[in-house]
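Structural description and commentary
Here is what each chain is made of, one letter per residue.
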Protein chains: 2
Amino acid sequence: MSDIERLIQLLAKLPGLGPRSARRAALYMLKRPETVLQPLARAMAEAAVAVGPCSICGNLDALDPCGICVDTGRDTSVLCVVEDVADLWALERSGSFRGRYHVLGGTLSPIDGIGPEELGIARLVARAATTGVREVILALGFTVGGQTTAHYIVERLAECAVAISGIAHGVPLGGELHYLDDATLATALAARRSLV
Amino acid sequence: MSDIERLIQLLAKLPGLGPRSARRAALYMLKRPETVLQPLARAMAEAAVAVGPCSICGNLDALDPCGICVDTGRDTSVLCVVEDVADLWALERSGSFRGRYHVLGGTLSPIDGIGPEELGIARLVARAATTGVREVILALGFTVGGQTTAHYIVERLAECAVAISGIAHGVPLGGELHYLDDATLATALAARRSLV
């Protein structure tokens, strides 16, 4: 296989890139060896060496413990449980959470062999039991897997003296009612709040 | 900037990847340092060193002259002119051409400062004038730029004793007439062929 074909094959494995867009990306890079191809190759090689999961929260970072876990400016009394590092990134971008995280790395799925051990739930319970932790926020997906996992975590945390909350479900910002699915509408209606 | 942020920024520059899909691709790679991130970084670093434009035809290859130009199994009497290496790749995938290529690297565009020199048209004329070249096929896009460039090349090749042809325009395979644009339909009608 030629250098170009190998590059295209590897690029095509990335999510969101098929064979067609992998060829396009490869050609774009090959035409710009100094400005795109080499800097990207270097950034990837460096990230491969430096970046790994945080042993406390599961976040990916060049530091272990990660930048969030060692940040003394953050509220250590709140733990936010997310499924994936992508969810942690989304919450960080929103700038709406200043506590710490716990990344499960997935949801419970017996059929795929993903049980509480694979998600490190014992580690979460241990963290929640530490003095100083006041609240655990479950920020899991509004999916069967996410909600099953949330219920399981609520049960496991019963032994800890912490408040447990879940993020709200309802109409998203900019959501027009007639475009929303029935389940979201039903949830939003059931979770209505008094406005006066 | 952190290793992860730099990686995402560089990925987001690739065509077809926005900030959102760049984050997704970065996370996918970071979770698979040994199987995805390092092999891809290596393939890119190697391609950056090895791959460059062929000094004869403009194709990108690890060899110079490229594998197509040195392939003795190919018909040296036919030159196929394409705009971009991506077009050469597409024709090679189709397996329908066994001659050699000439990659222009774009189309004439005075407004962008792209004239005959930038496209290496003198080099093309010199190749077409070589003994042994019998036909030049213009396989340029059916766009204003492509067709302007085709007309210009036809004029410039008038001095050479070669046949000049252009690939056919018409209804694409699987094309349903009622979905096609007016210009394609008009072209297809004007270029109708006798079937008996």
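As a reminder, the structure under discussion sits directly above these lines.
Residues numbered from 1 in each chain as written. Chains lettered and ligands numbered in written order. Predicted model: local features only at pLDDT ≥ 70, side-chain atom pairs only at ≥ 80, totals over all residues. Heavy atoms only, no water.

Tallying secondary structure elements over chain A gives 8 helices and 6 strands in all. Listed N to C, the secondary structure of chain A is α-α-α-β-β-α-β-α-β-α-β-α-β-α in terms of helices and strands. The globule rule puts the C-alpha radius of gyration for 196 residues at 16 Å, and the 21 Å found for chain A is more than 25% above it. Based on the C-alpha atoms only, the size of chain A along its principal axes is roughly 60 × 45 × 40 Å. (Helix = DSSP H or I, 4+ residues; strand = E, 2+ residues; numbered from the N terminus. Rg over C-alpha atoms; globule rule 2.2 N^0.38 Å.)

Sheet strands pair by backbone hydrogen bonding; their relative direction is either parallel or antiparallel. All names here are of chain B. Across the sheet, 4 strands lie side by side as β4-β3-β5-β6; this open sheet has parallel pairing. Two strands close off the open sheet at either side, each with one partner strand: β4 (100-103) and β6 (163-166). Each adjacent strand pair in this sheet contributes to an overall mean axis angle of 25°, direction not counted. The pairing of strand β3 (residues 78-82) with β4 spans 4 bridges and is parallel. By the bridge assignment, Cys80 is partnered in β4 with Tyr101. Here helix α5 (residues 85-94) sits on the sheet and contacts β3 and β4; the angle it forms with β4, its principal contact strand, is near 160°. (Pairing = 2+ DSSP bridges. Axes fitted to C-alpha atoms, helices over the stretch in contact; angles between N-to-C directions. Contact = heavy atoms within 4.5 Å.)

It takes a turn of 180° to lay chain A on chain B, together with a shift of 0.0 Å along the axis; the resulting RMSD is 0.0 Å. Seen this way, the second copy is the image of the first under a two-fold rotation axis. Scanning chain A for the C-alpha nearest the rotation axis identifies Ala41 of chain A, at a separation of 2.3 Å. Most of the interface of chain A is mirrored in chain B, where 100% of its interface residues again form contacts. (Least-squares fit on C-alpha atoms with pLDDT ≥ 70 in both.)

This part covers the interface of chain A and chain B. Residue-level contacts link 42 residues of chain A with 42 residues of chain B. When the two sides are added together, the surface that chain A and chain B hide from each other amounts to roughly 4100 Å², 75% of it contributed by carbon and sulfur. Area buried by chain A at its contact with chain B is led by Pro15, Met44 and Trp89 of chain A, which between them contribute 16% of it. The interface formed by chain A and chain B includes 4 salt bridges. The shortest N-O distance in the salt bridge between Lys31 of chain A and Asp84 of chain B comes to 2.6 Å. (Buried area = accessible area lost by both parts, 1.4 Å probe. Salt bridge = Lys/Arg side-chain N within 4 Å of Asp/Glu carboxyl O.)

For any two helices packed against each other, the geometry is given by the interaxial angle and the distance between the axes. All names here are of chain B. Viewed as axis vectors pointing N to C, helix α1 (residues 3-11) and helix α2 (residues 19-30) meet at an angle of 130°, and their least axial separation amounts to 8 Å. In terms of orientation, α1 and α2 fall into the oblique class. As for the relative orientation of α1 and α2, their crossing is right-handed in sense. Residues Ile4, Leu7, Ile8 and Leu11 of α1 form the contact with α2, whose participating residues are Pro19, Ala22, Arg23, Ala25, Ala26, Met29 and Leu30. For the contact of α1 with α2, the per-class residue count stands at 10 nonpolar, no polar and 1 charged. (Parallel < 35°, antiparallel > 145°, perpendicular 65-115°, else oblique. Left-handed = near helix turned anticlockwise from the far one by under 90°. Nonpolar A, V, L, I, M, F, W, Y, C, P; charged D, E, K, R; others polar.)

Attention now goes to the packing of aromatic side chains. All names here are of chain A. This model, assessed by the stated rule, comprises 2 aromatic pairs over all chains. Taking 5.2 Å as the distance between ring centres and 65° as the angle between the ring planes, the aromatic pair formed by Phe97 and Tyr101 counts as edge-to-face. With respect to class, Phe97 is no different from Tyr101; both count as buried. The cationic tip of Arg32 hangs over the ring face of Tyr28; the distance from NZ or CZ to the ring centre is 3.8 Å. (Phe/Tyr/Trp six-rings, centres within 6.5 Å; stacked < 30°, edge-to-face > 60°. Buried < 20%, exposed > 50% of the residue type's maximum accessible area, 1.4 Å probe, protein only. Lys NZ or Arg CZ within 6 Å of the ring centre and 35° of its normal.)

All right, on to the side chain of Asp61 of chain A then. Tracing the chain through its elements places Asp61 of chain A in strand β2 (residues 60-61). No salt bridge is formed by the buried Asp61 of chain A; its nearest oppositely charged neighbour, Arg74 of chain A, is found at 10 Å. Setting aside its immediate chain neighbours within four residues, Asp61 of chain A contacts Ala50, Val51, Gly52, Cys66 and Gly67 of chain A together with Ile4 of chain B. (Lys, Arg positive; Asp, Glu negative; His and termini not counted.)

This part takes up the pattern of salt bridges. All names here are of chain A. Overall, the coordinates contain 10 salt bridges over all chains when judged by the stated rule. The closest approach of N and O atoms between Arg6 and Asp3, which form a salt bridge, is 3.6 Å. Within this pair, Arg6 and its partner Asp3 are both found in helix α1 (residues 3-12), separated by 3 residues, close to a single helical turn. Assessed through its relative accessible area of 19%, Asp3 is described here as buried.

Let's shift gears to the pairing of β6 of chain B. Where strand β5 (residues 135-138) of chain B meets β6 of chain B, 4 bridges bridge the pair, whose relative direction is parallel. Bridging across to β6 of chain B, Glu135 of chain B finds its partner in Ala163 of chain B.

Time to look at helix α6 (residues 121-129) of chain B. All names here are of chain B. Those residues of α6 lying buried are Ile121, Leu124, Val125, Arg127 and Ala128. The buried residues of α6 occupy an angular sector of 160° when the element is viewed end-on, so they sit on one face. Here the buried face of α6 lies against α4 (67-70), β3, β4, β5 and α7 (144-156). (Arc of directions from axis to C-beta.)

What follows covers the environment of Glu92 of chain A. All names here are of chain A. For Glu92, the position within the fold is in helix α5 (residues 85-94). Residue Glu92 is classed as partly exposed on the basis of its relative accessible area, which comes to 28%. As for Glu92 and Ile68, which are separated by 24 residues in sequence, their C-alpha atoms are 9.9 Å apart. Residues in contact with Glu92, not counting those within four places in the same chain, are Ile68, Arg74, Phe97 and Tyr101.

On to the packing of helix α6 (residues 121-129) of chain A against helix α7 (residues 144-157) of chain A. All names here are of chain A. Across the interface, α6 lies against α7 with an axial gap of 10 Å and an inter-helix angle of 45°. Relative to α7, α6 is oriented oblique. Every pair of crossing elements has a handedness; the one defined by α6 and α7 is right-handed. Touching Ile121, Ala122, Leu124, Val125 and Ala128 of α6 are Tyr152, Ile153, Arg156 and Leu157, all from α7. Of the residues belonging to the contact of α6 with α7, the class tally is 8 nonpolar, no polar and 1 charged.

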